[in-house]
Amino acid sequence: MAPDTVSLRYFLVLAQELNFTRAAARIGIAQPALSARMRRLEAELGTSLLVRNTRSVALTTAGAALAESAPPALAALDRAWDTARNAGAGELGTLRIGYSLSAGAETAPALVDRLIRSSPGLEVGAVPMATPEISPAVADGRIDAGITRGEQPGRGVRRFLLRRERVGVQLAQHHPLAEHPEIEIADAAEYPLRLPDRTANPVIHDQLSALFRDTRPNPRFRTPAVSFDMFQRDLRDGLTLAPAGEAAVTALPAGLTWRPLQGAPTLTLHLVLPRVQSPLHRRILRVAKTLAHELHWLPD
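Residues numbered from 1 in each chain as written. Predicted model: local features only at pLDDT ≥ 70, side-chain atom pairs only at ≥ 80, totals over all residues. Heavy atoms only, no water.

1. Focus on the overall build of the chain
Right, on to step 1. Each helix and strand in the chain was counted, giving 9 helices and 12 strands.
Right, on to step 2. Since a compact globule built from 300 residues should have a radius of gyration of about 19 Å, the 31 Å found for the chain marks it as more spread out than a globular shape.
Right, on to step 3. Its C-alpha atoms put the chain at 105 × 35 × 30 Å along the principal axes.
Right, on to step 4. Counting over 300 residues, the chain shows a buried share of 42%.
Right, on to step 5. If you take every contact in the chain between residues at least 6 apart in sequence, the share linking residues at least 24 apart comes to 72%.
Right, on to step 6. Here the chain has roughly 15,900 Å² of accessible surface; of this, 54% comes from carbon and sulfur atoms.
Right, on to step 7. Between the averaged position of the 35 positive side-chain charges in the chain and that of its 30 negative side-chain charges there is a distance of 8 Å. (Helix = DSSP H or I, 4+ residues; strand = E, 2+ residues; numbered from the N terminus. Rg over C-alpha atoms; globule rule 2.2 N^0.38 Å. Buried < 20%, exposed > 50% of the residue type's maximum accessible area, 1.4 Å probe, protein only. Contact = heavy atoms within 4.5 Å. Areas by Shrake-Rupley, 256 points an atom, 1.4 Å probe, with all protein chains shown as cover. Lys, Arg positive; Asp, Glu negative; His and termini not counted. Charge placed at Lys NZ, Arg CZ, Asp CG, Glu CD.)

Okay, structure coming up:
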């Protein structure tokens, strides 16, 4: 059986000092206790490590060999302990995050960046997914966490509010309404309104369309033929508006702008985690809460 590591560390101090009094003072224990530790260590190893006399201490051949070989072994053991502690704290491993495309402009990148910088031992991968697929993928373990707009339905998961943002519209800079700092919902309803495909995100589709439920005449809704167009070509006609959260500002191409809708309720983004959480999941939640606070994603 290998000796206990405390005695081995005490031996290395004694091997440096070659004096029981100085070694005991450096360690912070009484000299008799150190002597007893060394006798027990020699008994466990079955060999003498020290040559003692009244005035000095010397290393035997076995003692010199142990003094040379023990430090790298202890360092390796310390790394093993650190690895275990980091894994237990959720700071080590592979993390897979799925996010809806609308969360990819700002929210998902900010969370991924913070996770990487705060936990160098984490390998983080993030992939865009259709919103209805995210909660089931978290529940069955295909991904570790998800970021979705709205309270998406799903069993076996827990949702944590991550962000609230104002609702507005994306529009061409030369659009007649672009000159207003805020736009009335009724005024926006007079123009064609582009909404996301309901099959891709029914919660947000229904929430955005509900903004215009009471406007007359009935609004003209459009669903783009292309589910994701980074150039937003359909808005460049100077007429079409696209209801969207404020985070859209960070990814607007040249020629487009964003204006808030007056009196519109906020949109929400949620962090989705399994109902039964590991240290890794708890780590994600802690980092996400800290980030949301620092970036004022959840204003009072």
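2. Topic: the environment of histidine 281
Right, on to step 1. Its place among the elements puts histidine 281 in helix α9 (residues 279–294).
Right, on to step 2. According to the relative accessible area criterion, histidine 281 is buried, its value standing at 9%.
Right, on to step 3. Along the chain, histidine 281 and threonine 148 lie 133 residues apart, while their C-alpha atoms are 16 Å from each other.
Right, on to step 4. Filtering out sequence-adjacent residues up to four positions away, histidine 281 remains in contact with Asp144, Leu273, Pro274 and Val276.
Right, on to step 5. Polar contacts involving the side chain of histidine 281 include one to the main-chain amide nitrogen of serine 278, which spans 3.0 Å. (Polar contact = N/O pair within 3.5 Å; in protein donor to acceptor, adjacent residues only side chain to side chain.)

3. Focus: the sheet that holds strand β10 (residues 242–245)
Right, on to step 1. Strand order across the open sheet formed by 3 strands is β10-β7-β11, with antiparallel pairing between neighbours. Because the sheet does not close on itself, it has two edges, and the strands there are β10 and β11 (256–260). For this sheet, the mean angle separating the axes of adjacent strands, direction not counted, is 40 degrees. (Pairing = 2+ DSSP bridges. Axes fitted to C-alpha atoms, helices over the stretch in contact; angles between N-to-C directions.)

4. Quick word on the nonpolar core
Right, on to step 1. Leu95, Ile97, Leu111, Ile147 and Leu271 are the most contacted members of the largest nonpolar core, which has 25 residues in total.
Right, on to step 2. When residues of this core are traced back to their parent elements, those giving at least two are β3 (93–99), α5 (107–118), β4 (122–128), β5 (145–149), β6 (157–165), β12 (267–274) and α9.
Right, on to step 3. Here the element with the most residues in this core is α9; it accounts for 7 residues.
Right, on to step 4. If sequence neighbours within four positions are ignored, leucine 271 has contacts with Leu111, Ala145, Gly146, Ile147, Arg158, Arg159, Phe160, Leu162, Ile284, Leu285 and Ala288. (Core = buried A, V, L, I, M, F, W, Y, C linked by side-chain atoms within 4.5 Å.)

5. Details of the environment of leucine 208
Right, on to step 1. By secondary structure assignment, the location of leucine 208 is in helix α8 (residues 202–210).
Right, on to step 2. On the accessibility criterion, leucine 208 (3% relative accessible area) is buried.
Right, on to step 3. Separated by 85 residues in sequence, leucine 208 and histidine 293 have C-alpha atoms that sit 26 Å apart.

6. A look at the packing of α5 against α9
Right, on to step 1. Two numbers describe how α5 lies on α9: the axes approach to 10 Å, and their chain directions differ by 120 degrees. Remark: the crossing between α5 and α9 carries right-handed chirality. On α9, the residues touching Ala110, Leu111, Arg114, Leu115 and Ser118 of α5 are Arg283, Ile284, Val287, Ala288, Thr290, Leu291 and Glu294.
Right, on to step 2. Residues that form the contact of α5 with α9 fall into these classes: 7 nonpolar, 2 polar and 3 charged. (Left-handed = near helix turned anticlockwise from the far one by under 90°. Nonpolar A, V, L, I, M, F, W, Y, C, P; charged D, E, K, R; others polar.)

Taken by themselves, the reported measurements are silent on function.
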